[in-house]
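# Structural description and commentary
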Amino acid sequence: MSPAPTSWWRVRRDALLSTFGALDCAYIYDPQVVTAQAQRLLAMRSLSRVFYAIKANPHPEILRTLAALGLGFECVSRAEVERVLESVPGIPAGRLLFTPNFAPRAEYRFALAQGITVTIDNLYVLRAWREDFHGREILLRLDTGHAHGHHEKVRTAGDQSKFGVPPAEFAELAEAVAGAGATVVGLHAHGGSGSSTDIAAWLDTARVLGSVAAEFPRATALNLGGGLGVPERPGDEAIDLGGFDAALAAFRATHPALQLWLEPGRFLVAEAGVLLARVTQTKGKGDIHYVGVATGMNSLIRPALYGAWHEIVNLTRLDEPADRRTTVVGPICESGDTLGADRWLPRCEEGDVLLVANAGAYGHAMASHYNLRPPAAELTMPA
Ligand code: LLP
């Protein structure tokens, strides 16, 4: 295994601190890292199209960066569609996908009126609102039954998840589509998020979609969804994109009429973003040494919600020995407001800047105003 590359924020520490200036807390994104990740996917020859799942981070500069590279965008709400249209003026509707789940009818109508391809994940929609889909080209989202993901809350296949047309209803698909007068141009599945490096699971998804596609002669695309994981803890392995590409290419060779699409969120933006927050206070309590910082679960809820692990370093004292076992907490009135427990950090002092890594995906996008504390603002690194 090759050694993990040095994180950009170590290399660009001085520029990062000067971008941060005298703030208390901020998310900072490096568009160059987004570009580099996108180029890795664009180099995969088995993929015909890559859509960015903007739910991971809808910051306009990130959208423009990815648009300039030719990616499309996958949106799950009317507001996400509007964000893309505003951030990338003139973007053709054909570069957007709308993949709602239990959204109100008006949102489907909005997307259809814009000429955006809608992905349907419930036969109810096709039957109860059939006139909306007459003459439309649609994608169908299937529940392949193959769930994966870093936490049960982000596994999106199987009976315990609300997504996708269940396998028991596959036999009814063609009739429901015909009844609405729609044309299926592709099939979609998304089994979960931040999953392992398990290439076999992707192939299982492709095979299920490929078999159902045989029923829809105009279906030319299989959208395998998102879910590509990124390394989090030291020693985590990154997905072998070369092996992934080869496996997908082998699948394509047996299904020459079908394109493969991917719609990742996390992979494109997670590593590009960091959350910086200044130390406010320290406290010893029992065996635990607490370091408080200026923002917490109101900015980054992933540790509290999923037990997610984000690397934390003291950016002010990057070169000092990390010899103190520390629990890093925010100022929110909940015991769950912990950004990281039992971390080895140098002795931290009020005003030091702590860095929470891998925070570019599902960080600010899931932030709240809990306790009426505004979440960290967002900044981007200079080129
Ligand atoms: N496509 C669909 C239909 C999705 O539902 C999702 C994510 C994606 C693509 C992008 O998945 P990604 O490549 O980012 O794994 N808040 C959680 C993740 C929730 C993902 C929801 N759907 C987290 O912080 O880990």
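Below you will find a few notes about this structure. Every value quoted in this text rests on a predicted model; they were computed, and no experiment measured them. (Residues numbered from 1 in each chain as written. Predicted model: local features only at pLDDT ≥ 70, side-chain atom pairs only at ≥ 80, totals over all residues. Heavy atoms only, no water.)

## A look at the overall build of the chain
Each helix and strand in the chain was counted, giving 12 helices and 16 strands. Scaling as 2.2 N^0.38, a compact globule of 383 residues should have a C-alpha radius of gyration of about 21 Å, and the chain matches this with 22 Å. Taken over 383 residues, the chain has a buried fraction of 52%. Restricting the contact set of the chain to residue pairs at least 6 apart, pairs at least 24 apart contribute 72%. Of the charged side chains in the chain, 35 are positive and 41 negative; the average position of the first set lies 2 Å away from that of the second. (Helix = DSSP H or I, 4+ residues; strand = E, 2+ residues; numbered from the N terminus. Rg over C-alpha atoms; globule rule 2.2 N^0.38 Å. Buried < 20%, exposed > 50% of the residue type's maximum accessible area, 1.4 Å probe, protein only. Contact = heavy atoms within 4.5 Å. Lys, Arg positive; Asp, Glu negative; His and termini not counted. Charge placed at Lys NZ, Arg CZ, Asp CG, Glu CD.)

## What about the pairing of strand β6 (residues 137–141)?
Most of β6 is tucked away, with 4 of its 5 residues classed as buried. Here strand β5 (residues 117–120) runs beside β6; their pairing, made up of 3 bridges, is parallel. Across the sheet, the residue bridging to Ile 120 is Leu 140, located in β6. Handedness of the β-α-β unit built from β5, helix α7 (residues 123–128) and β6 comes out right-handed. The pairing of β6 with strand β7 (residues 183–188) spans 5 bridges and is classified as parallel. (Pairing = 2+ DSSP bridges. Right-handed = clockwise from strand over helix to strand, strands pointing away.)

## Brief notes about the site of the ligand
Surveying the vicinity of the ligand reveals 20 residues, the closest of which are His 150, Ser 193, Glu 263, Arg 302 and Tyr 362. The contact in question runs from a nitrogen atom of the ligand to an N or O atom on the side chain of Tyr 306, over 2.8 Å. Contact with the protein chains hides 92% of the accessible area of the ligand, taken as 580 Å² for the molecule alone. With respect to the pocket detection grid, the ligand is positioned in the second largest pocket. Split into classes, the residues belonging to the shell around the ligand amount to 6 nonpolar, 8 polar and 6 charged. (Near = heavy atom within 4 Å. Polar contact = N/O pair within 3.5 Å; in protein donor to acceptor, adjacent residues only side chain to side chain. Areas by Shrake-Rupley, 256 points an atom, 1.4 Å probe, with all protein chains shown as cover. 1 Å grid on protein atoms, 1.4 Å probe; cavity = no way out; pocket = protein on both sides within 12 Å on 5 of 7 lines; lining within 4 Å. Sits in = over half its atoms within 2 Å of the grid points. Nonpolar A, V, L, I, M, F, W, Y, C, P; charged D, E, K, R; others polar.)

## Let's talk about the packing of aromatic side chains
For the structure on display, the rule yields 8 aromatic pairs. Centroid distance Tyr 108 to Trp 129: 5.3 Å. Interplanar angle 65°. Geometry classified as edge-to-face. Of this pair, Tyr 108 sits in helix α6 (residues 105–113) while Trp 129 sits in the loop between α7 and β6, and the two are 21 residues apart along the sequence. Residue Tyr 108 shares its accessibility class with Trp 129, and that shared class is buried. Ring centres 6.4 Å apart and planes at 85° place the aromatic pair Tyr 108 and Phe 133 in the edge-to-face group. With Tyr 108 in helix α6 and Phe 133 in the loop between α7 and β6, this residue pair connects regions lying 25 residues apart in the sequence. (Phe/Tyr/Trp six-rings, centres within 6.5 Å; stacked < 30°, edge-to-face > 60°.)

## Observations concerning helix α8 (residues 170–180)
Within the span of α8, buried status applies to Phe 170, Leu 173, Ala 176, Val 177 and Ala 180. Take α8 and look down its axis: the buried residues cluster within an arc of 100°, on one side only. Opposite the buried face of α8, at more than 90 degrees from it, the exposed residues are Ala 171 and Ala 178. Taken together, the buried residues of α8 touch α7, β6, β7 and α9 (199–213). Among the residues trailing α8, Gly 181 stands out with phi positive, at a value near 75°. (Arc of directions from axis to C-beta.)

## A few points about unusual backbone geometry
The phi dihedral of Tyr 362 falls on the positive side, at around 55°, and the residue is not glycine. Relative to the helices and strands, Tyr 362 is located in the loop between β15 (353–356) and β16 (377–380). Phi is positive for Asn 371, which is not a glycine, with a value near 65°. Tracing the sequence through the fold places Asn 371 in the loop between β15 and β16. Looking at Asn 371, the relative accessible area reads 32%, which means it is partly exposed.

## What about α9?
Taking 1.5 Å per residue as the helical rise, α9 with its 15 residues ought to reach 21 Å, and the 21 Å between its terminal C-alpha atoms agrees with that figure. For α9, the tally of buried residues reaches 11 of 15 residues, placing the bulk of the element in the interior. In this structure Asp 198 caps α9, since a side-chain oxygen of it lies 3.2 Å from the backbone nitrogen of Ala 200. (Expected span 1.5 Å × (residues − 1).)

## Overview of the packing of helix α4 (residues 60–68) against helix α5 (residues 78–87)
Viewed as axis vectors pointing N to C, α4 and α5 meet at an angle of 70°, and their least axial separation amounts to 9 Å. It follows from the interaxial angle that α4 and α5 lie roughly perpendicular. Taken as a pair, α4 and α5 cross one another with a handedness that is right-handed. Counting all contacts with α4, which are made through Pro 60, Leu 63 and Arg 64, the residues of α5 involved are Arg 83, Val 84 and Ser 87. (Axes fitted to C-alpha atoms, helices over the stretch in contact; angles between N-to-C directions. Parallel < 35°, antiparallel > 145°, perpendicular 65-115°, else oblique. Left-handed = near helix turned anticlockwise from the far one by under 90°.)

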